[in-house]
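As a plain string of letters, each chain reads:
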Amino acid sequence: MKIPFSPPYIDDDVINEVTDSLRSGWITTGPKVKALEEETERLLNVQACSAVNSWTSGAILALKWLGLKPTDEVIVPAYTYCATAMAVIEAGGKPVMVDIKEDMTIDEEQIIKAITPNTKAILPVDIGGFPCNYLKIKEIITSTDIIKLFTPTSENQRVLGRIMLLSDSAHSIGAKINSQSVANYTDISVLSFHAVKNITSAEGGIICLNLPAPFDNKELKKWFKVMSLNGQTKDAFAKTQLAGWRYDVVDMGLKINMPDVNAAIALAQIRKYDYLLKERKRVFDRYNSCLQRFKWAILPFQTNKNEEESVKSSLQNPISEIENAYHLYPLRIADISTDQRDRLINMLAEKEIATNVHYIPLPELTVFKKMGFKISDYPIANKTFEHEITLPLYPQLTNEQIDFLLENLIKFHDEIVNK
Ligand SMILES: *Cc1c(COP(=O)(O)O)cnc(C)c1O
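Since the structure is predicted, the reported quantities are computational estimates derived from the model, not experimental observations.

Scoring rules and cut-offs
Positions within a chain are numbered from 1, following the residues in the order the chain's sequence is written. Whole-chain, interface and lining totals are the exception, using all residues; otherwise, since this is a predicted model, local features are given only for residues with pLDDT of at least 70 and side-chain atom pairs are given and counted only at 80 or more. To get the side-chain values, all heavy atoms of the structure are used, and hydrogens and water are removed first. If a single non-hydrogen atom of a residue is within 4 Å of a molecule or strand, that residue counts as near it. Whenever a nitrogen or oxygen atom comes within 3.5 Å of another N or O atom, the pair is scored as a polar contact, on the condition that within protein one atom can donate a hydrogen and the other can accept it, and that pairs from neighbouring residues in sequence are kept only if both atoms are in side chains. Note on residue categories: nonpolar means Ala, Val, Leu, Ile, Met, Phe, Trp, Tyr, Cys or Pro, charged means Asp, Glu, Lys or Arg, and polar means any other residue, Gly included. DSSP-based pairing: two strands are paired if at least 2 bridges between them are found. Working definition: helices are DSSP H or I runs of at least four residues, strands are E runs of at least two. Numbering for both runs from the N terminus. Axis definition: a line fitted to C-alpha atoms, limited for helices to the stretch in contact. Angles are taken between N-to-C directions and run from 0 to 180 degrees. By definition, residues are in contact when any of their heavy atoms lie within 4.5 Å. Buried residues are those whose accessible area, probed at 1.4 Å on protein chains only, stays under 20% of the maximum for their type, while exposed residues exceed 50% and partly exposed ones sit between those limits. Any two cysteine sulfur atoms lying within 2.5 Å of each other are counted as a disulfide. Any pair of Phe, Tyr and Trp rings, taking the six-membered ring for Trp, is counted once the centres come within 6.5 Å. Such a pair is stacked with planes under 30 degrees apart, edge-to-face with planes over 60 apart, and tilted for the rest. Charge over a ring is defined by NZ of Lys or CZ of Arg lying within 6 Å of the ring centre and within 35 degrees of the ring normal. Buriedness of a pocket was judged along seven lines, with at least five required to meet protein on both sides within 12 Å; pockets are open sets of points on a 1 Å grid over the protein atoms alone, cavities are sets where a 1.4 Å probe fits but cannot get out, and lining residues have an atom within 4 Å of a point. Grid points are joined across faces, edges and corners, and a volume is the space filled by probe spheres set on the points. Domain extents, as shown, originate in an automatic or database domain assignment. Buried Ala, Val, Leu, Ile, Met, Phe, Trp, Tyr and Cys residues form a nonpolar core when they are joined through side-chain atoms within 4.5 Å. The salt bridge criterion pairs a side-chain nitrogen of Lys or Arg with a carboxyl oxygen of Asp or Glu, the two atoms within 4 Å.

### Some words on the site of the ligand
Argument step 1. Every one of the 16 residues lining the ligand counts as a neighbour, but Thr56, Asp168, His171, Ser192 and Lys197 are closest to it.
Argument step 2. Between an oxygen atom of the ligand and a side-chain N or O atom of Thr56, the distance comes to 2.6 Å.
Argument step 3. His171 is positioned such that a nitrogen or oxygen atom in its side chain is 2.5 Å from an oxygen atom of the ligand.
Argument step 4. A class-by-class count of the residues in the shell around the ligand yields six nonpolar, eight polar and two charged.

Structure below.
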């Protein structure tokens, strides 16, 4: 029984939507992108979303909007995909890495320790679709002492008057805290529509704007659209309107617009978001209900109850309810070494079962080692990596496939530890 890791969800509705774009004679940015932005605004209940060609380019543009000087710092978790930190460098700033907690989200205590007058943004990651504690992070960046420390180096930083909260929501489209989407708790959230993500346009991303007054998010959306198109005031679609040829180029933009033919894929998928989420939850719950009886299985996103209570009670508006987007199932196996974990992945691969590891901590990657980051500074990220194996999680996965996978996982685990 072949089990791929993360095949895209392509049904007749997706194919029809793409065909519609192809037959319309218009394949780059136009009506499908506009429709996708409106669907995302509705789903997340935010005022303004601007589509781009990847999470990475969207995050770079959001940070360019904030305006970073070379000494400006952005706090990121050490446990994430490389793009989280690379976007900061590409936008001209300095990533400052901090460790995670047992639930794999960024450690708020470490954020407090890492903040300096140079800190201009915090970029937490909703790993696997599980939202970070944005209430706590917001409380930190709006506290009097931290605001006093804040030293703006750009006009937008000055108007914002505090550290910006920019989320890496590449995994967490639709994830909620107290019934509101993550995008409602952040200043800017960037989602990814890459091929393996919950909703995909093959490659793509979307910038969700939720900045406080005096910023006008609908006006800002226009700026983000212009800057995604080389700073040009009219997109190609508007320029094809009769006698609509004249345009200006107002700023140094990027060329990161999303084509309609790509938006069509995501548009058909996002319209059935509720169904897709329900199926993801089915897979997640089936893994949990089987694995919870094994002492060696550390189930994902189970927060330490004491820690959870203390975080809750320290907040003015405590978190009463979290809704995961069920993007990944990052299992940890307590009683095996890293070599044994790697062997387990190979044994499953021989049965044609694909698994993965999320993530190699950033300080272990050559590019960040060369910048001086050291894994010994991030003990929880390191320990998480050493024991982690990500199980496949997507709507098309059948219960029969899940049970086959679990049966082999349990069998191979026993073989490995009893040898
Ligand atoms: C996929 C991913 C990204 C990058 O998304 P792209 O759309 O490929 O640029 C960033 N952060 C995380 C956590 C991701 O998983």
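### Observations concerning the sheet that holds strand β5 (residues 164–168)
Argument step 1. Taken together, the seven strands give an open sheet; going across it, the order is β1-β9-β8-β5-β4-β2-β3, and neighbouring strands pair in mixed fashion. Each end of this open sheet is capped by a strand with a single partner; those strands are β1 (48–52) and β3 (94–98). Looking at each pair of strands side by side, their axes are set apart by 25° on average, direction ignored.
Argument step 2. With three bridges connecting them, strand β2 (residues 73–77) and strand β4 (residues 119–122) associate as parallel partners. Pairing of Val74 across the sheet is with Ala121, part of β4.
Argument step 3. Of the strands in this sheet, β1, β8 (188–192) and β9 (205–209) touch helix α2 (residues 31–44), which is tilted by about 135° from β1.
Argument step 4. Contacts from helix α9 (residues 217–227) reach β1, β8 and β9, with the element oriented near 10° to β1.

### Focus on the side chain of Thr119
Argument step 1. Here Thr119 is to be found in strand β4.
Argument step 2. Residue Thr119 is classed as buried on the basis of its relative accessible area, which comes to 1%.
Argument step 3. Of note is the side chain of Thr119, whose polar atom sits 2.8 Å from the backbone nitrogen of Thr116.
Argument step 4. Here Thr119 is in contact with Glu73, Ile75, Ala114, Phe150 and Ile163, once residues within four sequence places are set aside.

### Observations regarding the state of the cysteines
As used in these notes, a disulfide is a covalent bond between sulfur atoms, one from each of two cysteines.
Argument step 1. Taken as a whole and judged by the stated rule, the model has zero disulfides.
Argument step 2. Counting only cysteine sulfurs, Cys208 is the nearest neighbor of Cys49, a cysteine outside any disulfide, at a range of 3.7 Å.

### Description of the packing of aromatic side chains
Argument step 1. One pass over the full model with this rule turns up 11 aromatic pairs.
Argument step 2. Considering the side-chain rings of Phe368 and Phe373, the 6.4 Å spacing of their centres and the 75° angle between planes classify their relative orientation as edge-to-face.
Argument step 3. Owing to a relative accessible area of 0%, Phe368 belongs among the buried residues under this scheme.
Argument step 4. A cation over an aromatic ring shows up here: Lys239 above the ring of Tyr247, its NZ or CZ 4.1 Å from the ring centre.

### Description of the pairing of β8
Argument step 1. The buried fraction of β8 amounts to five of the five residues, a majority that puts the element mostly inside the structure.
Argument step 2. Residues of β8 alternate between two faces, with Ile188, Val190 and Ser192 on one and Ser189 and Leu191 on the opposite face, all of them buried.
Argument step 3. One ladder, built from three bridges, connects β5 with β8; its direction is parallel. Residue pairing in the sheet places Asp168 in a bridge with Val190 of β8.
Argument step 4. Relative to β9, β8 is paired through five bridges, and the arrangement is antiparallel. Residue pairing for β9: Ile188 is matched across the bridge by Leu209.

### Focus: empty space enclosed by the protein
Argument step 1. Using the criterion set out here, one finds four cavities of 30 Å³ or more in the structure.
Argument step 2. Looking at the lining of the largest cavity residue by residue, the class counts come to seven nonpolar, five polar and two charged.
Argument step 3. Each of two domains, domain 1 (12–270) and domain 2 (273–418), supplies a minimum of three residues to the lining of the largest cavity.
Argument step 4. Estimated volume of the second largest cavity: approximately 50 Å³.
Argument step 5. Considering the residues around the second largest cavity, the lining is formed by Leu44, Ser169, Ser172, Ile173, Gly174, Ala175, Ser181, Val182, Ala183, Ser189 and Leu191.
Argument step 6. Of the residues belonging to the lining of the second largest cavity, the class tally is six nonpolar, five polar and no charged.

### Observations regarding the nonpolar core
Argument step 1. One finds Ile188, Tyr287, Leu291 and Leu331 to be the most contacted residues of the largest nonpolar core, which totals 129 residues.
Argument step 2. Two domains each donate at least three residues to this core, and these are domain 1 (12–270) and domain 2 (273–418).
Argument step 3. In this structure Leu331 touches Leu291, Ala297, Ile298, Leu299, His387, Glu388, Ile389, Leu391 and Leu409, once residues within four positions along its chain are discounted.
Argument step 4. Grouped together as the second largest cluster of nonpolar side chains are five residues, Val14, Val18, Ala264 and Ala268 included.

### Details of the pattern of salt bridges
Argument step 1. Applying the stated criterion to the full structure yields 24 salt bridges.
Argument step 2. Two residues, Asp72 and Lys120, come together in a salt bridge whose shortest N-O distance is 2.6 Å. Here Asp72, found in the loop between α3 (55–66) and β2, pairs with Lys120, found in strand β4; they are 48 residues apart in sequence, far enough to count as distant.
Argument step 3. Here Asp72 falls in the buried class, since its relative accessible area comes to 0%.
Argument step 4. Its relative accessible area of 1% is what places Lys120 among the buried residues.
Argument step 5. Between Glu155 and Arg158 there is a salt bridge whose closest N-O contact spans 2.7 Å.

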